[in-house]
Amino acid sequence: MFHLIFSLPSWYVIARVIVPLSLPLVVKILLSMLVLLASQYLLISRFTSGGIFSAEMPRIVIILFNWAYSTVLLLALTQMLIDAVTLVALLLRHPLELVPGVRYLAVLFAMGLATVGVYQAIRVPPVKDLTLVIPDLPAEFDGYQLLQLTDLHITRLFNAAWSEATVAKAMTLGVDLIVVTGDVIDGSLEHRRADVAPLRGLQAPDGVWAITGNHEYFFHQAIWTEHLASLGLQPLLNSHTVIERGTAKLVVAGLPDASAPARQAQGPDLAKALEHAPANAPVILLDHQPRNARHNAAMGVDLQLSGHTHGGLIVGLDRLFAKPNGGFVSGLYQVDGMQLYVNNGTALWPGMAVRLGRPSELTRITLRRQP
């Protein structure tokens, strides 16, 4: 069923773009086969050693599959728009005449847009600066800076070279603290050891702290948590750390991903994470998925940092991500007195590597006192 759903745009393209073209039948059949093949990248990935969440193919093959499927998806959406306009014209009895060769133009448009979208998905992300006002923030922490990384999905696509370049860029920002909010990897330690090695270069005066995302639980989470800790990514799983500036304190707490119990692992427990935390200190919570934001706000959290949604990937289609994530997809939200920032992601899952209007980001957050 999963692979059938992914093939639906292909069938629409075949029926509404390829079949009406003035081409020989054999060419139409060949094009239809290529379109269907583009939609089955994940099915083909199942027959590699990594499976659908970690295709162990050459990087260029993964890029081409993502470009091809993005082209099919965008072409289907473009053709739907053309068909909708045509239908409205018929209903209104308007003598609409389509530009000759409009389907060929639609194909070129989709191919160009897919090229832009895949490039934006796989590049080393640009820096995004965000200033957040925290009520009752001690004066000693006014101007405090932290860097949020999330959804790195280190794989054959986001490989050692990409990791090294991303870490090098991150280390130019001079922040006080680095937090990693889950989905660091896709793949086994055997396959990813070299690709994650550059993460050892992440350093900050107040440490580098990490939580799990849902993808860690697909690949032996305990093994990965231990290995990432050996690289300097200290785990915060139902626990917290206290940052001090003189007598002033700032609490940074972290939770395991909400999917952990389904994988026979310890689930999120905010009460436990905040146990023995200093009273009246502002609380920053790392929670991979944003869907539990209202519950976390009721527990006295001041700022929640999340990822998971990849920002919805494409403007307009991002609303498909809203319901399963509590209505939170991209950017800053005010939730019952708590601020929630849903990061678009440092990278994304290679199974759908396209971004249009929802850019990846290295997110430098500056904390400020209430005016």
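Residues numbered from 1 in each chain as written. Predicted model: local features only at pLDDT ≥ 70, side-chain atom pairs only at ≥ 80, totals over all residues. Heavy atoms only, no water.

Under an unreviewed UniProt entry, the protein has the name Metallophosphoesterase and belongs to Pantoea brenneri.

Undergrad: Describe the overall build of the protein, with residues and values.
TA: When its secondary structure is counted, the protein shows 10 helices and 12 strands. Relative to its length of 371 residues, the protein is compact, with a C-alpha radius of gyration of 23 Å against a globular reference of 21 Å. Taking all 371 residues of the protein together, the buried fraction comes to 53%. Within the protein, contacts between residues at least 6 apart in sequence are counted, and of these 76% link residues at least 24 apart. (Helix = DSSP H or I, 4+ residues; strand = E, 2+ residues; numbered from the N terminus. Rg over C-alpha atoms; globule rule 2.2 N^0.38 Å. Buried < 20%, exposed > 50% of the residue type's maximum accessible area, 1.4 Å probe, protein only. Contact = heavy atoms within 4.5 Å.)

Undergrad: Run through the UniProt feature "transmembrane region" (unreviewed entry) in the protein, naming residues and quoting values.
TA: UniProt tags residues 12–39, 60–82 and 102–122 as "transmembrane region" (unreviewed entry). What you have in residues 102–122 is 100% helix and 0% strand, and the ends, taken at the C-alpha atoms, are 30 Å apart. (UniProt positions renumbered as here; feature names shortened; annotations may be inferred.)

Undergrad: Could you give an account of the nonpolar core, with specific residues and numbers?
TA: In terms of nonpolar packing, the biggest core is built from 66 residues, with Val13, Leu147, Leu149, Ile178, Val180, Leu199 and Leu202 touching the most fellow members. Among the elements that make up this core, the one with the highest residue count is helix α4 (residues 59–91) (11 residues). When residues of this core are assigned to domains, at least three map to each of domain 1 (1–122) and domain 2 (127–369). Excluding residues that lie within four positions of it along the chain, leucine 199 makes contacts with Leu152, Ile154, Val167, Val184, Leu228, Leu231 and Leu233. Formed by 23 residues, the second largest nonpolar core is a distinct cluster that contains Leu146, Ile211, Ile243 and Ile365. (Core = buried A, V, L, I, M, F, W, Y, C linked by side-chain atoms within 4.5 Å. Domains from an automatic or database assignment.)

Undergrad: Please give an account of the sheet that holds strand β9 (residues 303–306) that cites residues and values.
TA: Read from one edge of the open sheet, six strands run β6-β7-β8-β9-β11-β10, paired in mixed fashion. Each edge of the open sheet carries a strand with a single partner, namely β6 (239–245) and β10 (331–335). Pairs of neighbouring strands in the sheet enclose a mean axial angle of 20°, with direction left out of account. In this sheet, strand β11 (residues 338–342) lies alongside β10 in antiparallel orientation, the contact comprising five bridges. Bridged to leucine 332 within β11 is tyrosine 341. (Pairing = 2+ DSSP bridges. Axes fitted to C-alpha atoms, helices over the stretch in contact; angles between N-to-C directions.)

Undergrad: Which residues make up the side chain of glutamate 361, and what values go with them?
TA: Among the structural elements, glutamate 361 can be located in the loop between β11 and β12 (362–369). This buried residue, glutamate 361, is left without a salt bridge; lysine 128 holds the nearest opposite charge, at 4.1 Å. A polar atom in the side chain of glutamate 361 sits 3.4 Å from the side chain of asparagine 344. (Lys, Arg positive; Asp, Glu negative; His and termini not counted. Salt bridge = Lys/Arg side-chain N within 4 Å of Asp/Glu carboxyl O. Polar contact = N/O pair within 3.5 Å; in protein donor to acceptor, adjacent residues only side chain to side chain.)

Undergrad: Account for the domain arrangement of the protein, naming residues and giving values.
TA: Domain annotation of the protein identifies domain 1 (1–122) and domain 2 (127–369). Between domain 1 and domain 2, the C-alpha centre-to-centre distance is 34 Å. On inspection of domain 1 and its partner domain 2, the count reaches two salt bridges. Where arginine 156 meets glutamate 56, a salt bridge forms, and the shortest distance between an N and an O atom there is 3.5 Å. Summed over the shared surface of domain 1 and domain 2, the result is 10 residue pairs in polar contact (both at pLDDT 80 or more). Put simply, the parts of the chain that give the side of domain 1 that touches domain 2 at least two residues each are α3 (41–45), α4 and α5 (102–122). By residue number, the principal contributor to the side of domain 1 that touches domain 2 is α4, which donates nine residues. For the side of domain 1 that touches domain 2, the per-class residue count stands at 18 nonpolar, seven polar and two charged. (Nonpolar A, V, L, I, M, F, W, Y, C, P; charged D, E, K, R; others polar.)

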